[in-house]
Amino acid sequence: MDRKQAVKELTLMLLHLTAHPDQDYPQALPRSWKGYDFGILNELLDEGCIVDGKRSKSVGITEDGERQAKDLLRKYGITE
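Residues numbered from 1 in each chain as written. Predicted model: local features only at pLDDT ≥ 70, side-chain atom pairs only at ≥ 80, totals over all residues. Heavy atoms only, no water.

**With respect to the overall build of the protein chain**
- Looking only at helices and strands, one finds three helices and two strands in the protein chain.
- Seen through its C-alpha atoms, the protein chain measures out along the principal axes to roughly 45 × 35 × 20 Å.
- Relative to its 80 residues, the protein chain shows a buried fraction of 9%.
- When contacts within the protein chain are restricted to residue pairs at least 6 apart in sequence, long-range pairs at least 24 apart make up 9% of them.
- Element-wise, carbon and sulfur atoms account for 58% of the exposed surface of the protein chain, whose accessible area totals about 7500 Å². (Helix = DSSP H or I, 4+ residues; strand = E, 2+ residues; numbered from the N terminus. Buried < 20%, exposed > 50% of the residue type's maximum accessible area, 1.4 Å probe, protein only. Contact = heavy atoms within 4.5 Å. Areas by Shrake-Rupley, 256 points an atom, 1.4 Å probe, with all protein chains shown as cover.)

See the structure below:
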């Protein structure tokens, strides 16, 4: 699997996992925010996987974060 396809599939999985029912329209499609969950980002920060850029829209990935990410890529058979 190539990287672009992996990102697409992982994004879809994340959107699905973080989806919630639309309160105004119970029969509507589940909704999911377009950004990453701040709670998850906070957990990754607490675990030392990322460093927070308080004034930016991005975060830095620590060496431990990169190691864990690469382990996950291997676990799921995703090539970089």
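**Section: a nonpolar patch on the surface**
- Together, L10, M13, L14, L17 and Y36 make up an exposed nonpolar region whose accessible area comes to about 540 Å².
- Within the secondary structure layout, L17 lies in helix α1 (residues 3-17).
- Residue L17 is classed as exposed on the basis of its relative accessible area of 66%. (Patch = residues over 30% accessible without salt bridge, like charges linked within 9 Å, V, L, I, M, F, W, Y side chains within 5 Å. Salt bridge = Lys/Arg side-chain N within 4 Å of Asp/Glu carboxyl O.)

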